[in-house]
Amino acid sequence: MVDDVKALGAINIDACFNCGTCTAVCPLSSGSSSFPRRMITYAQIGVKEKILESPDLWLCNYCGECTKSCPRQADPAETMMALRRYATIEYSPPGVSFISKMIYKSKAFALSFLIIFSIIPLILMLSLHGSINSTSIMLFSFFPEHYIDIIGVTLGIIIFGIMLFGLAKMYFMTRKGVTKSNTGPVRILKWIVEFFQTIFKEVLAQERLDQCEMKGWRQRLSSEWFIHMTIFWGFTGLLVTTVLGFLLPTAISVPLANGIYIPITEPIRLLGTLSGLFLIYGASMAIINRVNKSRVYSSYSYFTDWALLIFLLLAGLTGYLLEMAYYLNSPLITYALLTVHLTVVFDLFAVAPFTKFAHAFYRPLAIWLSRSHNYI
Ligand code: SF4
Ligand code: SF4
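Residues numbered from 1 in each chain as written. Chains lettered and ligands numbered in written order. Predicted model: local features only at pLDDT ≥ 70, side-chain atom pairs only at ≥ 80, totals over all residues.

**Student:** Pulling in residues and values, what's your account of the overall build of the protein chain?
**Tutor:** When helices and strands are counted, the protein chain shows 20 helices and 0 strands. The C-alpha radius of gyration computed for the protein chain amounts to 22 Å, which stays within 12% of the reference 21 Å derived for 376 residues, consistent with globular compactness. Across its three principal directions, the C-alpha atoms of the protein chain cover 70 × 45 × 40 Å. Expressed as a percentage of the 376 residues in the protein chain, the buried residues total 39%. Partitioning the intrachain contacts of the protein chain with sequence separation of at least 6 by distance along the chain shows that 72% fall at a separation of at least 24. (Helix = DSSP H or I, 4+ residues; strand = E, 2+ residues; numbered from the N terminus. Rg over C-alpha atoms; globule rule 2.2 N^0.38 Å. Buried ≥ 20, exposed ≤ 12 C-beta atoms within 10 Å, placed from the backbone. Contact = placed C-beta atoms within 7 Å.)

**Student:** Explain the site of ligand 2 to me, using residue names and the numbers behind them.
**Tutor:** Surveying the vicinity of ligand 2 reveals 16 residues, the closest of which are Cys26, Cys60, Cys63, Cys66 and Ala77. With 3 residues, the top contributor of residues to the shell around ligand 2 is helix H7 (residues 76-91). Split into classes, the residues belonging to the shell around ligand 2 amount to 12 nonpolar, 3 polar and 1 charged. (Near = placed C-beta within 6 Å. Nonpolar A, V, L, I, M, F, W, Y, C, P; charged D, E, K, R; others polar.)

**Student:** So what about helix H19 (residues 331-351)? Which residues, and what values?
**Tutor:** Counted at 1.5 Å a residue, the expected span for H19 with its 21 residues is 30 Å, and the 30 Å between its end C-alpha atoms agrees. Most of H19 sits inside the fold, with 15 of its 21 residues counted as buried. (Expected span 1.5 Å × (residues − 1).)

**Student:** Mind laying out the site of ligand 1, listing which residues take part and the relevant values?
**Tutor:** The immediate surroundings of ligand 1 are formed by 13 residues, with Cys16, Cys19, Thr21, Cys22 and Cys70 found nearest. Those elements giving two or more residues to the shell around ligand 1 turn out to be helix H2 (21-25) and helix H3 (37-45). Each residue belonging to the shell around ligand 1 can be placed in one class, and the counts come to 8 nonpolar, 3 polar and 2 charged.

**Student:** Would you mind going over the environment of phenylalanine 160 in detail, with residue names and values included?
**Tutor:** Inspection of the secondary structure assignment puts phenylalanine 160 in helix H11 (residues 145-181). Judged by local crowding, phenylalanine 160 falls into the exposed class, with 12 C-beta atoms found within 10 Å.

**Student:** Residue-level account of the packing of helix H18 (residues 303-327) against H19, with values.
**Tutor:** One way to put it is that H18 packs onto H19 with a least axis distance of 9 Å and a crossing angle of 160°. Viewed along their axes, H18 and H19 adopt a mutual orientation that is roughly antiparallel. Judged by the twist between their axes, the crossing of H18 over H19 is left-handed. Of H19, the residues touching H18 (which contributes Ala307, Leu308, Phe311, Leu312, Leu314, Ala315, Thr318, Gly319, Leu321, Leu322, Ala325 and Tyr326) are Ile333, Thr334, Leu337, Leu338, Val340, His341, Val344, Val345, Asp347, Leu348 and Val351. (Axes fitted to C-alpha atoms, helices over the stretch in contact; angles between N-to-C directions. Parallel < 35°, antiparallel > 145°, perpendicular 65-115°, else oblique. Left-handed = near helix turned anticlockwise from the far one by under 90°.)

**Student:** Would you mind going over the domain arrangement of the protein chain in detail, with residue names and values included?
**Tutor:** Domain assignment breaks the protein chain into domain 1 (2-91) and domain 2 (106-372). A separation of 28 Å is found between the C-alpha centroids of domain 1 and domain 2. Contact residues are listed per partner, giving 22 residues for domain 1 and 26 residues for domain 2. Elements represented by at least two residues in the side of domain 1 that touches domain 2 include exactly helix H4 (48-53), helix H5 (56-59), helix H6 (65-69) and H7. (Domains from an automatic or database assignment.)

Structural data, given as structure tokens:
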């Protein structure tokens, strides 16, 4: 197992001699939730079940404090991240876990995967597109909306199924882990209250991530917390925009199919524009941090980390270019950009279960189980 974890990024794990300094300095380690030393030991001796049953992997925020203090340069923060990649593979359904493992371990495989999943939507769009009106923009006459709906819903169901399988497997394994070490009875009311607290505090406000950050608004604007918030809210806003466009066809779909101008102040359009700005800011900042390696948590990037951030940025940028071409009334450029934009969005969702996108679901689940079972 240790070789698997090394291949997933824990390249210095052998240097650890279990001194415990990392656990002592970790701002989030406490009581029964004692990490990262314990996780490193489990990985070194190959106790796979213990790792998959523990929520500790997901309670770590990758702030890098432990790595700065390690006397052996064993990079415990990166080991925690490598173990999260390992768990993501192990929680996946059979077949998908093989693809996941190959994507993490082989750049050639990952690139081939991306190329195939870029070619599929391109072929679909080139073969299914409708009339090309070059005098006025009739977006959904060029590519009928129901095709987008069918392809989107099919892909969504597959991704949702993969994620649901992973979350169910993690839920049962982690519940076993936290039940073994819980210190009191699990009450149904606490279980429900913690669920909503986790949704509001950890998902919507990303509060736990804030604990590793420096204080003050200036620092916060470039902090990991703010970058995560802008990516999360940008992505969520665009998702809501898409769903509203689907549910309220007279607002977006009908005008786009008939070449009727949609003002930029139209509420759904405006939500999409603002959400796109958030997404572009967050993804750009995250990429800049990784390029500069300015912080511990951005000093080591895996192929999947780049893939997710680049697709998020491209989704935001192509969306904006598409909007600009639409408002500049350039039909052919608008159709070309729609093709590129939909291909990027298709790729983004295709890689989602194998990247940190999946972590965004596993982490709140781990926090909820830990709190409701008195683990933290
Ligand atoms: S990772 Fe470093 S600080 Fe942590 S136990 Fe190992 S040697 Fe000590
Ligand atoms: S990266 Fe931060 S949160 Fe994670 S184990 Fe190290 S010190 Fe703790």
